[in-house]
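# Understanding the architecture of this molecule
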Amino acid sequence: MTDTSKKAVKEFVQRWTGKGYEKCESQRFWIDLLQNVLDIYNDTEYIILE
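Parameters and conventions
Residues numbered from 1 in each chain as written. Predicted model: local features only at pLDDT ≥ 70, side-chain atom pairs only at ≥ 80, totals over all residues. Heavy atoms only, no water. Helix = DSSP H or I, 4+ residues; strand = E, 2+ residues; numbered from the N terminus. Expected span 1.5 Å × (residues − 1). Buried < 20%, exposed > 50% of the residue type's maximum accessible area, 1.4 Å probe, protein only. Arc of directions from axis to C-beta. Contact = heavy atoms within 4.5 Å. Salt bridge = Lys/Arg side-chain N within 4 Å of Asp/Glu carboxyl O.

## A word on helix α1 (residues 3-16)
Relative to the 20 Å expected for 14 residues at 1.5 Å per residue, α1 spans 20 Å between its end C-alpha atoms, a close match to the ideal helical length. Within the span of α1, buried status applies to Ala8, Phe12 and Trp16. Down the axis of α1, the buried set is contained in an arc of 55°. They therefore lie on one face. Turned more than 90 degrees away from the buried face of α1, the exposed residues are Asp3, Lys7, Lys10 and Gln14. Next to the buried residues of α1 lie α2 (22-37). Immediately beyond the C-terminal end of α1, within one or two residues, lies Gly18, with a positive phi of roughly 70°.

Structure below.
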């Protein structure tokens with residue numbers, strides 16, 4: 001894992017630690033993870049959100 005990847009993971013964890021109600025935030029959580037940690041910007045090709 002590169003230093004950039006580690007930084008992205010740490011920032012993601014900090015953003016989501018203690019964050020609101022899981023059901024209300026789930027779509028934003030997954031989009032954030034895909035885009036900002038995994039660098040996947042065409043996320044609708046990979047997941048279907050309810």
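## Looking at the side chain of Asp32
Structurally, the position occupied by Asp32 is in helix α2. Among residues more than four places away in sequence, those in contact with Asp32 are Phe12, Arg15, Trp16 and Val37.

## What to know about the pattern of salt bridges
Under the counting rule described, the total for this entry stands at three salt bridges. Residues Glu11 and Lys7 are paired through a salt bridge, measuring 3.7 Å at the closest nitrogen-oxygen approach. Placement of both Glu11 and Lys7 in helix α1 is noted, with a separation of four residues, approximately one turn of the helix. Between Arg15 and Asp32 there is a salt bridge, with the nearest N and O atoms lying 2.9 Å from each other. In this pair, Arg15 is assigned in helix α1 and Asp32 in helix α2, connecting sequence segments 17 residues apart. Under the relative-accessibility criterion, Asp32 is labelled buried at 9%.

Honestly, it's all geometry; don't read function into it.
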